[in-house]
Amino acid sequence: MKTIIIFSLLLLTFSTPSMAEKLPEGHPTIQQAIDASPNANKALVNEGTVISTVQTEHYTYIEVQKGKEKIWLAAQKLALPDGAKIRYGQGVSMDNFYSDTLKREFPRILFVQAVEVIKE
């Protein structure tokens, strides 16, 4: 039951752009509010290097090297080059997540709301 609730919350978090169009005129999106916050970078407490990405219609799956660990992230669709240094938040972790779109299982994946390229 807990997994269903978490997954439902993730679906709301990673909604399609059509939901953003229903906001009142001039209302910022969640991402715009995060970007405008003086504490925005504090929310993105993790850093890593992009190993590879897999694009789907609405999401980007990102394989990240974080220290000695390799992890997978799922975020709203974005373009990231291999080797890019990124920052991302705590997100929601799911074990044994099966992607119907990709027809593969991820032993562990972290669903994050925001990913930021670290400009060097």
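Residues numbered from 1 in each chain as written. Predicted model: local features only at pLDDT ≥ 70, side-chain atom pairs only at ≥ 80, totals over all residues. Heavy atoms only, no water.

Trainee: Sorry, what's going on with the overall build of the protein chain here?
Mentor: Across its full length, the protein chain holds 4 helices and 7 strands. The proportion of buried residues among the 120 residues of the protein chain is 28%. Taking the contacts inside the protein chain whose residues are at least 6 apart along the sequence as the reference set, 53% of them involve residues at least 24 apart. Surface accessibility of the protein chain: about 8,000 Å² in total, with carbon and sulfur atoms responsible for 56%. (Helix = DSSP H or I, 4+ residues; strand = E, 2+ residues; numbered from the N terminus. Buried < 20%, exposed > 50% of the residue type's maximum accessible area, 1.4 Å probe, protein only. Contact = heavy atoms within 4.5 Å. Areas by Shrake-Rupley, 256 points an atom, 1.4 Å probe, with all protein chains shown as cover.)

Trainee: Please explain the nonpolar core as it appears in this structure.
Mentor: Nonpolar side chains in soluble globular proteins tend to be buried together. By size, the foremost hydrophobic cluster in this structure holds 13 residues, and its most contacted members are Ile62, Val64, Leu73, Ile86, Tyr88, Val112 and Val115. Residue assignment for this core shows that the elements contributing at least two residues are β2 (59-66), β3 (69-76) and β4 (85-88). Looking at which element gives the most residues to this core, the answer is β3, with 3 residues. Of all hydrophobic cores here, the second largest spans 8 residues; its members include Tyr61, Trp72, Phe106 and Ile109. (Core = buried A, V, L, I, M, F, W, Y, C linked by side-chain atoms within 4.5 Å.)

Trainee: Explanation requested: the pairing of strand β6 (residues 104-111) in the structure shown.
Mentor: Consecutive side chains of a regular strand alternate in pointing toward one face of the sheet and then the other. The sheet contact formed by β3 and β6 spans 3 bridges and is parallel. Bridge pairing links Ala74 to Phe111 in β6. Relative to β6, strand β5 (residues 92-99) is paired through 7 bridges, and the arrangement is antiparallel. Each bridged residue has a counterpart across the sheet, and for Val92 the counterpart in β6 is Phe111. Here β5 hands over to β6 after 4 residues, with Lys103 in that stretch at a positive phi of 55 degrees. (Pairing = 2+ DSSP bridges.)

Trainee: Whenever I open this one, the pattern of salt bridges confuses me. Can you help?
Mentor: Pairing between side chains becomes possible if they bear opposite charge and their charged atoms approach one another. Considering all chains together, one arrives at 2 salt bridges under this definition. The partner of Glu47 in a salt bridge is Arg87, with the nearest N and O atoms 3.5 Å apart. Of this pair, Glu47 sits in strand β1 (residues 46-55) while Arg87 sits in strand β4; the two residues are 40 residues apart in sequence, bridging distant segments of the chain. In this structure Glu47 comes out as partly exposed when scored by relative accessible area, which is 45%. Overall, Arg87 belongs to the buried group, its relative accessible area being 17%. (Salt bridge = Lys/Arg side-chain N within 4 Å of Asp/Glu carboxyl O.)

Trainee: Quick question: what am I supposed to make of the confidence of the model for the protein chain here?
Mentor: Reading fine detail from the predicted coordinates is not recommended where pLDDT is low. Looking at the protein chain as a whole, its pLDDT mean stands at 79, while 66% of the residues score no less than 70. A low-confidence stretch, residues 15-21 stays under pLDDT 50, and its non-local contacts, those more than four residues away or across chains, total 3 contacts. (pLDDT = per-residue confidence, 0-100.)

Trainee: Sorry, what's going on with the environment of Phe97 here?
Mentor: Checked against the element boundaries, Phe97 lands in strand β5. The class of Phe97 is buried, set by a relative accessible area of 10%.

Trainee: Help me understand the packing of aromatic side chains in this model?
Mentor: Aromatic ring pairs are described here by two measures, namely the spacing of the ring centres and the angle between the planes. Under the defined criterion, the tally for this structure stands at 3 aromatic pairs. Each ring, one from Trp72 and one from Phe106, has its centre 5.2 Å from the other, and the planes form 65 degrees; the classification is edge-to-face. With Trp72 in strand β3 and Phe106 in strand β6, this residue pair connects regions lying 34 residues apart in the sequence. Since its relative accessible area comes to 13%, Trp72 is described here as buried. Between Phe97 and Phe111, the aromatic rings sit 5.0 Å apart at their centres with planes inclined by 85 degrees, giving edge-to-face as the arrangement. Here the residue Phe97 occupies a position in strand β5, and Phe111 occupies one in strand β6, the gap between them amounting to 14 residues. (Phe/Tyr/Trp six-rings, centres within 6.5 Å; stacked < 30°, edge-to-face > 60°.)

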